[in-house]
Amino acid sequence: MNDETIKVGDILRVSCAFTPTRVVEISDWNVSIVWPWEQIDPDSEVRWNGQYAIPRKQGSSESRLSLFQTDPAPWTLSAGDSCGVGIPEQLVRVIDIGYCDPPQDVGWLPRPHTMLIVLPVDHEDPRGLAEGDTISLPSVAPVRFELV
């Protein structure tokens, strides 16, 4: 399956093997980690710092919607800690797809040409207000997905 066969409404099984990284900063809302995959784009107009923020509040809607998780859980981590980052296998629904031609300048390489916006299948959003999380394609992160 390639990303061109995916449509809004499709259900995907998504996962990403956990990879070692380090906690850079902690706030009340997020834990920032060194992103172990994509590289900073030196030609980008976006000044990405090579970090990724993961929601930290246990049980919050942000943490329930976030694909990427830490191991151990983000609310147990402190700055300087080692942890893993990945996506536990889960089912998600595609709620939107963004196509970028030319590929989108997001601050890292490779620049994505497709962005799948997804929500967990068990997430109820009767008013259609949820923004979901994004799977950027291509990606260096070893994200695996298959149509269910």
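For clarity, every value in this text was computed on a predicted model and none was experimentally measured. In every chain, residue numbers begin from 1 and rise along the written sequence. Predicted model: local features are reported for residues with pLDDT of at least 70 only, side-chain atom pairs are reported and counted for 80 or more only, and whole-chain, interface and lining totals are derived from all residues. As a rule here, side-chain values cover all heavy atoms of the structure and leave hydrogens and water aside.

### Focus: the pattern of salt bridges
We count a salt bridge whenever a side-chain nitrogen from Lys or Arg sits within 4 Å of a carboxyl oxygen from Asp or Glu. Counted by the stated rule, this structure contains five salt bridges. Note that arginine 13 is salt-bridged to glutamate 146, the shortest N-O span being 3.1 Å. Of the two residues, arginine 13 sits in strand β1 (residues 11-26) while glutamate 146 sits in strand β10 (residues 143-147), which places them 133 residues apart along the sequence. Residue class for arginine 13 comes out partly exposed when judged on its relative accessible area of 29%. Summary of the burial criterion: residues with accessible area below 20% of their type's maximum are buried, those above 50% are exposed, and those between are partly exposed, where the area comes from a 1.4 Å probe applied to protein chains only. Overall, glutamate 146 belongs to the partly exposed group, its relative accessible area being 43%. A salt bridge links aspartate 105 to arginine 111; the shortest N-O distance between them is 3.9 Å. On the accessibility criterion, aspartate 105 (24% relative accessible area) is partly exposed. Using a relative accessible area of 27% as the deciding quantity, one classes arginine 111 as partly exposed. One continuous salt-bridge network, built from bridges that share partners, spans Arg13, Glu89 and Glu146. Strands here mean DSSP runs of E at least two residues long; helices mean DSSP runs of H or I at least four residues long; both are numbered from the N terminus.

### Remarks on the packing of aromatic side chains
Under the pairing criterion, centres of Phe, Tyr and Trp rings, with the six-membered ring standing for Trp, must be within 6.5 Å; the plane angle then separates stacked pairs below 30 degrees from edge-to-face pairs above 60, leaving the rest tilted. Tallying each qualifying case throughout the model produces six aromatic pairs. Aromatic pair tryptophan 48 and tryptophan 108: ring centres 5.3 Å apart, planes at 65°, arrangement edge-to-face. Of this pair, tryptophan 48 sits in the loop between β3 (39-40) and β4 (51-55) while tryptophan 108 sits in strand β7 (residues 108-109), and the two are 60 residues apart along the sequence. Relative accessible area serves as the criterion here: at 15%, tryptophan 48 is assigned to the buried category. Of the aromatic side chains, those joined through ring pairs into one cluster are Trp35, Trp37, Tyr52 and Phe68. Its end group placed over the ring of tryptophan 29, lysine 57 keeps NZ or CZ at 5.2 Å from the ring centre. Placement of a charge over a ring requires the Lys NZ or Arg CZ to be within 6 Å of the ring centre, with the centre-to-atom vector within 35 degrees of the ring normal.

### Some details on the environment of isoleucine 54
Along the polypeptide, isoleucine 54 turns up in strand β4. Contacts are residue-level and defined by heavy atoms, with any inter-residue pair within 4.5 Å sufficient. What isoleucine 54 contacts, discounting residues up to four positions off in sequence, is Trp29, Asn30, Val31, Ile33, Phe68, Gln69, Thr70, Pro74 and Val85.

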